[in-house]
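Summary of structural features
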Amino acid sequence: MELRQLEYFVAVVEEANFTRAAERVHVAQPGVSAQIRRLERELGQPLLDRSGRRVRLTEAGAAVLPYAHAALAAIEGARLAVDELAGLRRGRVAVGMVTSGFAVAISDLLADFHRDYPGVEITLTEANSDNLLIGLQNGELNLALVGLTTPPPAGIETQVLVDERLVAAVGHGDPLRGSKGVTLEELRERDLICPPKGTGPRAGIDGGFATAGFEPRVAFEAGDPNVLAQLAVRGLGVAILPESLVSANPELHAVTITKPRLRVRVELAWPAEGPVTPAARMLIGYARTRLAS
């Protein structure tokens, strides 16, 4: 059995005509007919019904067709993998990121990767950490930057890029300004400004309040930490933010949360199991080296 016989067989089935199939595979019609007859003799059954105006599958042909498709797809996949590995001349990678407020140079990373491998198509999406992890698990994403406060789910490997404490951020006119520390119990009656549920920082915040024995009083939610910071600057509540973001904003004052202490990590995440294309494998290694340095 030869691959070209399977290719001709599939072409005749899809075109329902020997002449059109021959044009499609760029072979003379008698050559296509001869190869399919050889395939039928080898299998011991007619695969095509040639009695009508349109060529139709026999029962044996219908049974063989899925295997022919699978064999041709496997060969195409092997060719693509070799092409990518030989120079990443083509391929696709899908990257996800969470808005974190941390200084993670994802744009520089992708620009450098595109410069080195211009034939690889890159897509970038933004979502909360929960959805990014789902995207990694179901194969929609090859790589993602996620914010975590707990270990990643099964089947996901990570590399920590940033590990930072969360602080209470207030404007200059807030009563907490000047305080050296505050407990979550002392924030119980305050309006809080937090990231939305499904993000790493919010999971840490909710977990901390659960440990303290009550739910946070969240007045404002936003995915962009800079929006949260501006809400706190305008005196609309106490924002729970990464310490580095607060320190970089002269209009905010950082108050240490002393009990319980809250931390968040930004991690590079990728699937630990399942098939990985050469382009995705290259990007994962590229990111692990560049972002960790």
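Placed above this text is the structure.
Conventions and cut-offs
- Residues numbered from 1 in each chain as written.
- Predicted model: local features only at pLDDT ≥ 70, side-chain atom pairs only at ≥ 80, totals over all residues.
- Heavy atoms only, no water.
- Axes fitted to C-alpha atoms, helices over the stretch in contact; angles between N-to-C directions.
- Helix = DSSP H or I, 4+ residues; strand = E, 2+ residues; numbered from the N terminus.
- Parallel < 35°, antiparallel > 145°, perpendicular 65-115°, else oblique.
- Contact = heavy atoms within 4.5 Å.
- Nonpolar A, V, L, I, M, F, W, Y, C, P; charged D, E, K, R; others polar.
- Buried < 20%, exposed > 50% of the residue type's maximum accessible area, 1.4 Å probe, protein only.
- Salt bridge = Lys/Arg side-chain N within 4 Å of Asp/Glu carboxyl O.
- Left-handed = near helix turned anticlockwise from the far one by under 90°.
- Expected span 1.5 Å × (residues − 1).
- Phe/Tyr/Trp six-rings, centres within 6.5 Å; stacked < 30°, edge-to-face > 60°.

Glancing now at the packing of helix H2 (residues 18–25) against helix H3 (residues 29–43). When two helices pack together, their arrangement is given by the angle between the helix axes and by the axis-to-axis distance. Packing of H2 against H3 brings their axes to within 8 Å, and their N-to-C directions diverge by 100 degrees. Between H2 and H3, the interaxial angle falls into the category roughly perpendicular. Residues Phe-18, Thr-19, Ala-22 and Val-25 of H2 form the contact with H3, whose participating residues are Gln-29, Val-32, Ser-33 and Ile-36. Partitioned by chemical class, the residues of the contact of H2 with H3 number five nonpolar, three polar and no charged.

A few words on unusual backbone geometry. Here the amide bond leading from Lys-259 into Pro-260 is cis, since omega sits at -15 degrees, within 30 degrees of zero. By the element assignment, Pro-260 lies in the loop between strand E11 (252–259) and strand E12 (263–271). Despite not being glycine, Ala-16 shows a phi value in the positive range, around 55 degrees. On the secondary structure map, Ala-16 appears in the loop between helix H1 (3–15) and H2. Classification of Ala-16 by relative accessible area gives buried; the value is 5%.

It is worth spelling out the side chain of Gln-5 at this point. Secondary-structure assignment places Gln-5 in helix H1. The exposure class assigned to Gln-5 is buried, which follows from its relative accessible area of 2%.

Below, the discussion takes up the pattern of salt bridges. In this structure the tally under the stated criterion is 21 salt bridges. Among the ionic pairs, Arg-24 bridges to Glu-14, the shortest N-O distance being 2.5 Å. Here the residue Arg-24 occupies a position in helix H2, and Glu-14 occupies one in helix H1, the gap between them amounting to ten residues. Residue Arg-24 is classed as partly exposed on the basis of its relative accessible area, which comes to 38%. What emerges from the salt-bridge pattern is a single network uniting Glu-14, Glu-15, Arg-20 and Arg-24.

This part is about the packing of H1 against H2. Across the interface, H1 lies against H2 with an axial gap of 8 Å and an inter-helix angle of 130 degrees. The angle between H1 and H2 places the two elements in the oblique class. Between H1 and H2 the crossing geometry is right-handed. Between H1, through Glu-7, Tyr-8, Val-10, Ala-11, Val-12, Glu-14 and Glu-15, and H2, the contact on the second element is made entirely by Phe-18, Arg-20, Ala-21, Arg-24 and Val-25. Per-class residue counts for the contact of H1 with H2 are seven nonpolar, no polar and five charged.

Looking now at H1. In this model, H1 (13 residues) spans 18 Å end to end at C-alpha, consistent with the 18 Å of a helix rising 1.5 Å per residue. Taken together, the buried positions of H1 are Gln-5, Leu-6, Tyr-8, Phe-9, Val-10, Ala-11 and Val-12. At the exit of H1 stands Ala-16, carrying a positive phi of roughly 55 degrees.

Here we take up the packing of aromatic side chains. Per the counting criterion, the structure on display carries four aromatic pairs. Ring centres 5.0 Å apart and planes at 45 degrees place the aromatic pair Phe-113 and Tyr-117 in the tilted group. Residues Phe-113 and Tyr-117 agree in their burial class; the two are buried. Seen in terms of ring centroids, Phe-113 and Tyr-286 are 5.2 Å apart; in terms of plane orientation they differ by 85 degrees. Their pairing is edge-to-face. Of this pair, Phe-113 sits in helix H5 (residues 106–116) while Tyr-286 sits in helix H10 (residues 278–292); the two residues are 173 residues apart in sequence, bridging distant segments of the chain. Relative accessible area serves as the criterion here: at 0%, Phe-113 is assigned to the buried category.

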